[in-house]
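# Structural features, examined
Single-letter residue listing:
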Amino acid sequence: MVFKIAFASSDGVKVDSHFGAAERFYIVTLDTEKEEYDITDQVEVRPPCNGGWHEVSKFGAVLEQLSDVSAIVAQRIGPGAKKYIEENEKAVYQIPLDIEQAICLLMEEKQWEVDKWRSHTKS
């Protein structure tokens, strides 16, 4: 299966951004059968948090921009944002590693099976 995952990253190498403070997400397309992945997109967003304060309604704007991903990976994520994301049928993970290491961990643990990710297969 082919899944898309959004990584909160400032440079496309490491997962170094808090979900609410992230200004960009790198989109990785993961083919679980071939065990291959590619960074296929970069999405600029308006961070929903401002100095520790946030409006839940702003989470929706970020999720709208990430509508075709099955999972979101961030360095950190607060409980309110985590709940909101999960209620919107996306898996969310705190993995403060390099993107490549995070992908290896997700693949090793077969998280798409454990958490029942939505598929975004290529047409």
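Residues numbered from 1 in each chain as written. Predicted model: local features only at pLDDT ≥ 70, side-chain atom pairs only at ≥ 80, totals over all residues. Heavy atoms only, no water.

## Describing the sheet that holds strand 2 (residues 24-31)
Put simply, the test is: Two strands qualify as a pair provided DSSP detects at least 2 bridges between them. Secondary structure elements follow DSSP: runs of H or I no shorter than four residues count as helices, runs of E no shorter than two count as strands, and numbering proceeds from the N terminus. All axes are obtained by fitting lines to C-alpha atoms, using only the stretch in contact for helices, and the reported angles, taken between N-to-C directions, cover 0 to 180 degrees.
Spatially, the five strands line up as an open sheet ordered 3-2-1-6-7, and their pairing is mixed. The two strands at the open ends of the sheet, each matched to only one other strand, are strand 3 (36-44) and strand 7 (91-94). Taken pair by pair, the neighbouring strands of this sheet meet at an average axis angle of 25 degrees, ignoring direction. As defined by bridge partners, strand 6 (residues 71-74) adjoins strand 7 across four bridges and the pair is classed as parallel. Across the sheet, residue Ala-74 finds its bridge partner in strand 7, namely Gln-94.

## Topic: the confidence of the model for the protein
Let me state the cut-off plainly: Scored from 0 to 100, pLDDT reflects the predictor's confidence in each residue.
Considering every residue of the protein, the mean pLDDT works out to 91; 93% of them sit at 70 or more. Per-element confidence in the protein is highest for strand 6, whose mean pLDDT is 98, and lowest for strand 5 (residues 53-54), whose mean pLDDT is 64.

## Here we look at the side chain of Arg-24
Let me state the cut-off plainly: Counted as a polar contact is a pair of N or O atoms within 3.5 Å, where, for protein atoms, one must be capable of donating a hydrogen and the other of accepting one, and residues adjacent in sequence contribute only when both atoms are in side chains. Working rule for contacts: check all heavy atoms of both residues, and any pair within 4.5 Å makes them a contact.
When you line up the elements, Arg-24 lands in strand 2. One polar contact links the side chain of Arg-24 to the main-chain carbonyl oxygen of Ser-10, over a distance of 3.3 Å. Within the local environment of Arg-24, its side chain forms a polar contact with the side chain of Glu-44, the two groups lying 3.2 Å apart. When residues no more than four places from it in sequence are discounted, the contact partners of Arg-24 are Phe-7, Ala-8, Ser-9, Ser-10, Gln-42, Val-43, Glu-44 and Val-45.

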